[in-house]
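Each chain, letter by letter, is given below.
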Amino acid sequence: VRNKKAGFKFTYVPLGDQGPSRPGNPMDKHTYTTGDKGYIAYDSTKYDMTVFDYVAPMLYWGSTSYDTIKWPWITYWIQNWLDAGWPPEKIILTFQSQSIKDHQDVLQSLVQAVYTGRYDGTNHFKYKGKDVSGFAGLMGWPAGNAETDTGNITAALTFAQKIPGS
């Protein structure tokens, strides 16, 4: 493909939470690579992922994700991708629009992480022992109705405008 279109970008978008944090998940019978919270971050040193320009791990599993998973779990999953060798400039953070509309704190935290690399007011995600200064971007899975999606986009832009230097 790149021979025909040099600027073409491939993004790897793996499934979201696959682990025990989701009660009744049929995937629980599998062995996970990242410990007890169950998110599978594919090790970029074990697999040839160089064909992909970006990875956008689905930090959710569906339209009710944020009713049960909260920001600390999501930070764990993001850090797993960094620990697996994915540089932050190649990671696009993601959200599920229907679920996040009632959990704007999660959206605000994702926006902050994209712009600052922080998972709270002062602490940074780490990549190879160094503070992360931001991520490649933010991508939302649509809710299925324009009002919810537009509201979330507007909220994300509003949150971004409040971050110094954004």
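Residues numbered from 1 in each chain as written. Predicted model: local features only at pLDDT ≥ 70, side-chain atom pairs only at ≥ 80, totals over all residues. Heavy atoms only, no water.

1. Focus on the side chain of S65
Inspection of the secondary structure puts S65 in helix 1 (residues 65–68). Once residues within four sequence positions are removed from consideration, S65 is found in contact with Y60 and S99. (Helix = DSSP H or I, 4+ residues; strand = E, 2+ residues; numbered from the N terminus. Contact = heavy atoms within 4.5 Å.)

2. Details of the environment of M139
Here M139 is to be found in strand 6 (residues 137–141). Expressed as a C-alpha distance, the spacing of M139 and Q96, which sit 43 residues apart in the sequence, is 8.8 Å. Beyond its immediate stretch of four places on either side in the chain, M139 contacts V13, A56, I92, L93, T94 and F95.

3. So, the nonpolar core
In terms of nonpolar packing, the biggest core is built from 35 residues, with I74, I78, L93, L110 and F135 touching the most fellow members. Elements that contribute at least two residues to this core include exactly helix 2 (71–83), strand 3 (92–96), helix 4 (104–116) and helix 5 (146–161). For L93, the residues in contact, after removing those within four places along its chain, are L59, I78, L110, A113, V114, F135, G137, L138 and M139. (Core = buried A, V, L, I, M, F, W, Y, C linked by side-chain atoms within 4.5 Å. Buried < 20%, exposed > 50% of the residue type's maximum accessible area, 1.4 Å probe, protein only.)

4. Considering the pairing of strand 3
With respect to burial, strand 3 is a largely interior element, five of its five residues being buried. Burial of strand 3 is two-sided: the residues I92, T94 and Q96 facing one way and the residues L93 and F95 facing the other way are all buried. In terms of strand pairing, strand 3 meets strand 6 through five bridges, oriented parallel. Opposite I92, over in strand 6, you have G137 as the bridge partner. (Pairing = 2+ DSSP bridges.)

5. With respect to the packing of aromatic side chains
Summed over all chains, the structure comprises five aromatic pairs. The interplanar angle of 65° and the centroid separation of 5.4 Å between the aromatic rings of Y119 and F125 together place this pair among those described as edge-to-face. Its relative accessible area of 31% is what places Y119 among the partly exposed residues. An aromatic cluster is present here, built from Y119, F125 and F135 joined pairwise through their rings. (Phe/Tyr/Trp six-rings, centres within 6.5 Å; stacked < 30°, edge-to-face > 60°.)

6. Regarding the pattern of salt bridges
All told, the structure shown has one salt bridge when counted by the stated rule. Note that D131 and K126 form a salt bridge whose closest N and O atoms lie 2.2 Å from each other. On the accessibility criterion, D131 (45% relative accessible area) is partly exposed. (Salt bridge = Lys/Arg side-chain N within 4 Å of Asp/Glu carboxyl O.)

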